[in-house]
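Fold and contact review
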Amino acid sequence: MQSATRLTLLLCAAWAAALLYGEMGAYWAAHLSCSWPSAHLPDNHVKVAIVADPQLMDSTSLGLPQSSLVLQAVEFFTDLNMRRSFQSVILPYKPDVVLFLGDHFDGGPYLPNKEWQESLFRFKHIFSMNEQRMNPHVPVYYLSGNHDIGYSAFHSIHPEVIRRYEKEFGPRNFHFLAGKVDFVVVDAQTLDAGVKESKERSSSWEFIKTLSSESNPKVLLTHIPLYRPDNTACGPHRSSPIINQRVSNAAMGQGITYQNYLSKETSDLLLSLLKPVLVLSGHDHDQCTVVHSTPFGPVTEHTLGTISWQQGNLYPSFMLLSAGAKSTNSTDSSHEVLTNLCFLPKQTHIYIWYICQFVFTILLLIFWPANGLSSLPFANTFVSFMRSVGAELFSSRTKEKDDEEDAEYEMVWDAEGSMHLVKKAVARAPASNSDSRTTARGSVVARPTARKHQQEPDSSVHVEMGPEVVSDDGGRLPRPSKLKVRKVLQRLFRVIQSVVIIAALNVSLYMMLLFKDWIDR
């Protein structure tokens, strides 16, 4: 029983350590593993934290009704993970600007107003917009994504989704200055030719052309990545297969219903008009870095992976960007914008670890011996072997020492008159009696005293085997099958008891860690 108690306490400690790391320590480790790329540059660089594709899950994500408990559980754990990532990993870097690259919601264009407002409330709760922890002086900028407003084919039928989005998140085409770098935000969903005379498409291109004459270094921000040839390598940080171009058009020329990348013509025109030093995009949910060849030099595009662990990426990420300050006199635009890709905790792996540890816990409790490891045959054999090895080593050393002490020496002179001590050969008499035992060196011998041999009476008991075994007092002993059932029930009771103790201590710890990060402060 003491062995089972020690095992239960050991498993309690193991679960507490796993929960503390998985729910808190992993986020601290993610924060410590990354840093601003301008650590060697002046402090007046503007620091921008960039997040892509939160894509909050809703009733359109799994095809379940909004009241479904499964959907609510998935929403809670997904929201909690992003909230922890934002609060415990991103905000401690103290960014000067926060930027979202689109797809804030999953079914944004298709949600009724009530559910859309609920998703908006969740979004603000996740990213700390309602708390004092988010510095009110830190500007936050948003890009529109296809999961926020849809594509041009949807705009032509439901223009109200654009008005609803702009009311809460601001205009779809705008630019802002961070240091001396101009960040240009475009509504990529309206750039490609769908409806030729679309008002949204015209306004987007007019906005882009007005910025073509600006002299500040520019960073192009587009939710949909620029065109790249099929099977273009994405660099070492990508974990999923490369996605090639796919464009779907509505019937009767009503516009685009889906596209993975912007068309080559649109991409080339964007690069030629804006001449950006860097392009940042989302939409792909996985990391991808490509270099575009242009007449004015190569332009790097970073496609950021999603911040959510539920959007097909096992390695969620975000980006830290440093923009050159206004007072910087450098003419090298390559040093005006520096980036560093940072990774968040692998939440899927953490949950897999919980499942494996749970299975291991149950198996260990079921098969753990009642008397501990010492009751196992191999354990006793191993302990006996180690004891015999130790006794053999100790006895051989003692024998050598005794031989040295019992030896006799004589003095011998060589031809040069030098004296040497030479050990004499001493013959040892064999033991005269097998019962004799030497207790000390010399002639003192201890012999055991003779015992009187007494004939003991025969103690054997004749047991008559029958269908049932009868005890000495006349009671019936249980059959072997009943003994096995009793042992199984005792083992089952011990397992349940240990599980209850482990759960009582660690479920409360887990709930405390959950709501510590969920409740508004």
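What you are looking at is a predicted structure, and each value in this text was computed from that prediction instead of being measured. (Residues numbered from 1 in each chain as written. Predicted model: local features only at pLDDT ≥ 70, side-chain atom pairs only at ≥ 80, totals over all residues. Heavy atoms only, no water.)

A few points about a nonpolar patch on the surface
Threshold: Two joining distances apply to patches: 9 Å for like charges and 5 Å for nonpolar side chains (Val, Leu, Ile, Met, Phe, Trp, Tyr), and every residue must have over 30% relative accessible area and no salt bridge. What sets the accessible areas is the Shrake-Rupley method with a 1.4 Å probe; for residues, cover comes only from the shown protein chains. Each salt bridge in this description consists of a side-chain nitrogen of Lys or Arg and a carboxyl oxygen of Asp or Glu lying within 4 Å of one another. Segments assigned H or I by DSSP are reported as helices when at least four residues long, segments assigned E as strands when at least two residues long, and all are numbered from the N terminus.
A cluster of nonpolar side chains, Ile355, Phe358, Val359, Leu363, Ile366 and Phe367, forms an exposed patch at the surface whose accessible area comes to about 600 Å². Examined against the element boundaries, Ile355 turns out to sit in helix 10 (residues 347–367).

Points about the pairing of strand 10 (residues 288–292)
To keep things clear, this is the line we draw: For every residue, the accessible area (1.4 Å probe, protein chains only) is compared with the maximum for its type, and the residue is labelled buried under 20%, exposed over 50%, or partly exposed between those bounds. When DSSP locates at least two bridges between a pair of strands, those strands are taken to pair.
Only one face of strand 10 is buried: it carries Cys288, Val290 and His292, and the other face, with Thr289 and Val291, is open. Across five bridges, strand 10 lies against strand 11 (residues 299–303) in antiparallel orientation. Note that in strand 11 the partner of Val291 across the bridge is Thr300. Counted along the chain from strand 10 to the antiparallel partner strand 11, the turn is six residues long, and its residue Gly297 has a positive phi close to 120°.

Comments concerning the state of the cysteines
Put simply, the rule reads: Counting rule for disulfides: a pair of cysteine sulfur atoms within 2.5 Å.
Summed over the entire model, instances satisfying the criterion amount to two disulfides. With a sulfur-sulfur separation of 2.1 Å, Cys234 is cross-linked through a disulfide to Cys288. Taking the sign of the S-S torsion, about -75° here, the bridge from Cys234 to Cys288 comes out left-handed. Placement of the pair is Cys234 in the loop between strand 6 (218–222) and strand 7 (247–249) and Cys288 in strand 10, with a sequence separation of 54 residues. Accessibility assignment for this pair places Cys234 and Cys288 in one class, buried. Counting only the cysteines that take part in disulfides, in the order they occur along the protein chain, gives the pairing 1-4, 2-3.

Overview of the layout of surface pockets
To be explicit about the condition: The pocket and cavity definitions rest on a 1 Å grid over protein atoms only: a 1.4 Å probe that fits but cannot leave marks a cavity, an open set with protein on both sides within 12 Å along at least five of seven lines marks a pocket, and residues lining either have an atom within 4 Å of a point. Grid points are joined across faces, edges and corners, and a volume is the space filled by probe spheres set on the points. Three residue categories are used. Nonpolar comprises Ala, Val, Leu, Ile, Met, Phe, Trp, Tyr, Cys and Pro, charged comprises Asp, Glu, Lys and Arg, and polar comprises the others, including Gly.
Size it by volume and the second largest pocket reaches roughly 280 Å³. Around the second largest pocket sit 13 residues that line it, and Trp15, Phe358, Ile502, Ala503 and Val507 are the ones nearest its centre. Elements with a contribution of two residues or more to the lining of the second largest pocket: helix 1 (2–32), helix 10 and helix 12 (480–518). When residues in the lining of the second largest pocket are grouped by element, the largest group, six residues, is from helix 12. Across the lining of the second largest pocket, the residue classes break down as 11 nonpolar, two polar and no charged.

A short note on the environment of Pro159
Checked against the element boundaries, Pro159 lands in the loop between helix 6 (152–155) and helix 7 (160–169). Exposure remark for Pro159: the relative accessible area of 32% places this residue in the partly exposed category. Residues Pro159 and Glu200, spaced 41 residues apart in sequence, show a C-alpha to C-alpha distance of 9.7 Å.

A look at the packing of aromatic side chains
Under the convention used in this document: A pair of Phe, Tyr and Trp rings is counted when the ring centres sit within 6.5 Å of each other, with Trp represented by its six-membered ring. The angle between the planes then sorts it: under 30 degrees is stacked, over 60 is edge-to-face, the rest tilted.
Tallied over the full model, the rule gives 29 aromatic pairs. Here Phe86 and Phe127 contribute two aromatic rings whose centre-to-centre distance is 5.2 Å and whose plane-to-plane angle is 90°, an arrangement assigned as edge-to-face. Taken as a pair, Phe86 in helix 3 (residues 69–90) and Phe127 in the loop between helix 4 (113–126) and strand 3 (140–142) lie far apart in primary sequence, 41 residues in all. Arranged with centres 6.2 Å apart and planes meeting at 85°, the rings of Phe105 and Phe123 form a pair that is edge-to-face. Of this pair, Phe105 sits in the loop between strand 2 (97–100) and helix 4 while Phe123 sits in helix 4, and the two are 18 residues apart along the sequence. What makes Phe105 buried here is its relative accessible area of 1%. A residue is classified by how much of its surface remains accessible, and Phe123, at 1% relative accessible area, is buried. Through a chain of ring-to-ring contacts, three or more aromatic side chains come together here, namely Phe86, Phe100, Phe105, Trp116, Phe123, Phe127, Tyr142, Tyr165 and Phe169.

What about the sheet that holds strand 4 (residues 174–178)?
Rules: The convention used is that axes are lines fitted to C-alpha atoms, helices contributing only their stretch in contact, and that angles between N-to-C directions extend from 0 to 180 degrees.
With mixed pairing, the six strands of this open sheet are ordered in space as 4-5-6-9-11-10. Sheet topology places strand 4 and strand 10 at the edges, where each strand pairs with a single neighbour. Each strand axis lies, on average, 20° off the axis of its neighbour in the sheet, ignoring direction. Direction of pairing for strand 4 relative to strand 5 (residues 181–186): antiparallel, over a ladder of five bridges.

Thoughts on the sheet that holds strand 13 (residues 337–343)
Here five strands make up an open sheet; going across it, the order is 3-2-1-12-13 and the pairing mixed. Edge positions in the sheet fall to strand 3 and strand 13, since each has one partner strand and no second. Adjacent strand axes in the sheet meet at a mean angle of 20°, parallel and antiparallel pairs treated alike. Of the pairings in the sheet, the one linking strand 2 to strand 3 comprises three bridges and is parallel in character. From the neighbouring strand, Val98 faces strand 3, where its bridge partner is Val140.

Focus: the nonpolar core
The line we're drawing: What is meant by a nonpolar core is a set of buried Ala, Val, Leu, Ile, Met, Phe, Trp, Tyr and Cys residues, joined one to another through side-chain atoms within 4.5 Å.
Residues Phe100, Phe123, Phe169, Phe318 and Leu320 are the most contacted members of the largest nonpolar core, which totals 35 residues. Every element with two or more residues in this core is listed here: helix 1, strand 1 (46–51), helix 3, strand 2, helix 4, helix 7 and strand 12 (317–323). Counting 23 residues, the second-largest nonpolar core is a separate cluster that includes Leu99, Leu101, Phe174 and Leu304.

Quick notes on the confidence of the model for the protein chain
The condition that has to hold: As a per-residue measure, pLDDT tells how confident the predictor is, with possible values from 0 to 100. The criterion used for residue contact is that any of the two residues' heavy atoms lie within 4.5 Å.
For the protein chain, the average pLDDT comes to 82, and 75% of its residues sit at 70 or higher. Long-range and interchain partners of residues 434–454, a stretch whose pLDDT sits below 50, account for 13 contacts in this model, where long-range means more than four residues apart. Considering only residues more than four positions removed or in separate chains, one finds that residues 456–467, a stretch of pLDDT under 50, has one contact.

Let's talk about the packing of helix 1 against helix 10
The line we're drawing: An angle below 35 degrees is treated as roughly parallel, one above 145 as roughly antiparallel, one from 65 to 115 as roughly perpendicular, and anything else as oblique.
Taken N-terminus to C-terminus, the directions of helix 1 and helix 10 make an angle of 180°; their axes are 11 Å apart at the nearest point. Relative to helix 10, the element helix 1 is oriented roughly antiparallel. Listed contacts from helix 10 to Leu7, Leu11, Ala14, Trp15, Ala18, Leu19, Gly22, Glu23, Ala26 and Tyr27 of helix 1 are Gln347, Ile350, Trp353, Tyr354, Gln357, Phe358, Thr361, Leu364 and Leu365.

Focus: the pattern of salt bridges
On inspection of all chains with the given rule, the structure shows 12 salt bridges. With a closest N to O distance of 2.4 Å, Arg172 and Asp187 form a salt bridge. Here Arg172, found in the loop between helix 7 and strand 4, pairs with Asp187, found in the loop between strand 5 and helix 8 (199–210); they are 15 residues apart in sequence, far enough to count as distant. We classify Arg172 as buried; its relative accessible area is 9%. Where Arg238 meets Asp284, a salt bridge forms, and the shortest distance between an N and an O atom there is 2.8 Å. Separated by 46 residues along the polypeptide, Arg238 in the loop between strand 6 and strand 7 and Asp284 in the loop between strand 9 (278–281) and strand 10 bring together distant segments of the chain. We classify Asp284 as buried; its relative accessible area is 11%. Residues joined by salt bridges that share partners form a network here, namely Glu23, Arg84, Lys516 and Asp517.

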